[in-house]
Amino acid sequence: MTLPAAAPERTAIDLDANRPLDDRYFERMAASLGDKARVIPFLVGRRVLDVGAGGGELARAIAGAGFAVTALDASDEAIRRLESLGGVEVAHGDASDAARVVGGGFDAIVCSAVLHEVYSYAPADARRGTLDAALAMFADMLAPGGRLVIRDGVMPDDPSRPASVLLPPGRIDAFDRYAVLTPHAELVLARDGARVEGTRHQIAELLFTLTWGAETFAREAQERYQLHTLAGYAEAVAPYGLSLVHADAVTQPGYVAALADIEVRDEHGRPWFPPTNGLWVFEHP
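Remember, predicted model here, so these are calculated numbers, not experimental data. (Residues numbered from 1 in each chain as written. Predicted model: local features only at pLDDT ≥ 70, side-chain atom pairs only at ≥ 80, totals over all residues. Heavy atoms only, no water.)

### Notes on the packing of helix 8 (residues 169-181) against helix 9 (residues 200-210)
So, point 1. Close contact between helix 8 and helix 9 brings their axes to 11 Å; oriented N to C, the two are set at 115°. Compared by their axis directions, helix 8 and helix 9 come out roughly perpendicular. Once helix 8 is placed against helix 9, the crossing between them reads as right-handed. Here R171, A174, F175 and Y178 of helix 8 lie close against helix 9, whose contacting residues are E205, L206, T209 and L210. (Axes fitted to C-alpha atoms, helices over the stretch in contact; angles between N-to-C directions. Helix = DSSP H or I, 4+ residues; strand = E, 2+ residues; numbered from the N terminus. Parallel < 35°, antiparallel > 145°, perpendicular 65-115°, else oblique. Left-handed = near helix turned anticlockwise from the far one by under 90°. Contact = heavy atoms within 4.5 Å.)

### A few points about the pattern of salt bridges
So, point 1. One pass over the structure, following the stated rule, counts 16 salt bridges.
So, point 2. The partner of D35 in a salt bridge is R151, and the shortest N-O contact between them spans 2.6 Å. Here D35, found in helix 2 (residues 33-36), pairs with R151, found in strand 5 (residues 142-152); they are 116 residues apart in sequence, far enough to count as distant. Comparing D35 with R151 shows no difference in burial state: the two are buried.
So, point 3. Linked through salt bridges whose partners overlap, the residues forming this network are D35, R38, R151 and D248. (Salt bridge = Lys/Arg side-chain N within 4 Å of Asp/Glu carboxyl O. Buried < 20%, exposed > 50% of the residue type's maximum accessible area, 1.4 Å probe, protein only.)

### Structural notes on the nonpolar core
So, point 1. Membership of the largest hydrophobic core comes to 33 residues, with the highest contact counts inside it found for V51, I109, L115, F138, M141 and L148.
So, point 2. Put simply, the parts of the chain that give this core at least two residues each are strand 1 (47-51), helix 5 (98-102), strand 4 (106-112), helix 6 (115-120), helix 7 (127-141), strand 5, helix 11 (230-237) and strand 11 (277-283).
So, point 3. In terms of residue count, the dominant contributor to this core is helix 7 (7 residues). (Core = buried A, V, L, I, M, F, W, Y, C linked by side-chain atoms within 4.5 Å.)

### Observations regarding helix 11
Because each turn of an α-helix spans 3.6 residues, side chains separated by three or four positions end up pointing in the same direction.
So, point 1. Turning to helix 11, its buried residues number three or more, namely G232, Y233, A234, A236 and V237.
So, point 2. Looking at the packing, one finds that the buried side of helix 11 touches helix 6, helix 7, strand 5, strand 9 (243-250) and strand 11.

### Overview of helix 3 (residues 57-64)
So, point 1. Of all the positions in helix 3, only E57, L58, A59 and I62 are classed as buried.
So, point 2. Following helix 3 by one or two positions, G66 adopts a phi angle in the positive range, close to 105°.

### Quick look at the sheet that holds strand 11
So, point 1. In spatial order, the strands read 3-2-1-4-5-11-9; together these 7 strands make up an open sheet with mixed pairing. Of all the strands in the sheet, the pair left with one neighbour each is strand 3 (89-92) and strand 9. Mean inter-strand twist for the sheet, computed between neighbouring axes without regard to direction, equals 15°.
So, point 2. Across 7 bridges, strand 9 lies against strand 11 in antiparallel orientation. Each residue of the ladder has a partner; that of A247, found in strand 11, is W280.
So, point 3. On top of the sheet, helix 3 reaches strand 1, strand 2 (68-73) and strand 4; it is set at about 170° to strand 2, its chief contact.
So, point 4. Its contacts with the sheet put helix 4 (residues 76-85) on strand 2 and strand 3, and the angle it makes with strand 3 is roughly 165°. (Pairing = 2+ DSSP bridges.)

### Description of the confidence of the model for the protein
So, point 1. Averaged over all residues, the pLDDT of the protein equals 88, while 89% of them reach at least 70.
So, point 2. Low pLDDT, under 50, characterises residues 1-31; the predicted model gives this stretch 76 contacts beyond four residues in sequence or across chains. (pLDDT = per-residue confidence, 0-100.)

### Brief notes about the packing of aromatic side chains
So, point 1. In total, this model carries 5 aromatic pairs according to the counting rule given.
So, point 2. Centroid distance F208 to Y255: 5.3 Å. Interplanar angle 75°. Geometry classified as edge-to-face. Taken together, the residues span a long stretch of sequence, with F208 in helix 9 and Y255 in helix 12 (residues 253-258) at a distance of 47 residues.
So, point 3. Here the aromatic cluster, defined as three or more aromatic residues joined through ring pairs, consists of F208, Y225, Y255 and F273.
So, point 4. Over the ring of F106 we find R47; its NZ or CZ atom is 4.1 Å from the centre of that ring. (Phe/Tyr/Trp six-rings, centres within 6.5 Å; stacked < 30°, edge-to-face > 60°. Lys NZ or Arg CZ within 6 Å of the ring centre and 35° of its normal.)

Here you go:
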């Protein structure tokens with residue numbers, strides 16, 4: 001399979017689930033602003049809440065576009081970085097407790113690569129309920145006419161259709177580590193030699209975790225990145241009274257380049273690669 005050349009947007013960092021976020025993590029997040037900036041044209045009004053703001057690269061860009069930004073994060077390291085930025089209001093708290101920490105009446109709420117973490121780190125028997133509660137809370141926090149903007153993983157269309165990968169020798173140990181560490185039973189895969197077969201969703205989750213490097217899997221393998229298809233998020237948010245005004249999915253070239261040594265095929269044996277991110281914009285009536 002011939003893949004286009006591009007600089008990887010996700011490369012390996014040394015990050016352990018039991019260690020604080022280090023400088024390289026924040027550097028990686030800052031380097032990914034290009035795709036995150038897609039949210040800015042969809043913002044409305046004045047007051048914007050950036051949920052899970054991390055090192056603040058997106059919050060700073062939103063503030064630079066003329067919005068009054070509240071940056072919310074639960075990490076002590078992130079809070080220190082956010083406070084050093086200036087120009088944004090900083091709030092220390094968890095995404096699932098945002099309403100208590102910062103109140104409501106926001107013209108826009110941005111969740112960039114956050115909701116999959118809300119889901120992934122909830123108790124196993126409460127993941128879906130925790131995600132639904134967060135969506136309901138964000139809807140309640142919006143002012144009339146306000147928007148909820150979600151940028152996150154997007155499940156491939158027809159996610160249950162078959163797909164496969166052929167791993168090069170250098171990726172097999174990483175796959176075995178991933179297979180042991182993932183806590184999501186629906187993502188468990190087995191390999192036969194260098195070949196791994198599964199659903200499109202399972203294969204996509206594997207691919208995107210592999211981009212981080214096996215040394216990060218103590219943290220990254222804990223996460224399920226894709227929660228809904230492009231249409232599925234609209235269905236998930238509809239019960240909370242918000243209307244979908246925009247949705248799109250992209251495949252970022254950096255992911256393709258970072259995985260260029262892996263042969264990815266659909267059920268017909270044709271080259272295939274999943275979308276990497278979705279963007280959804282919902283509006284309060």
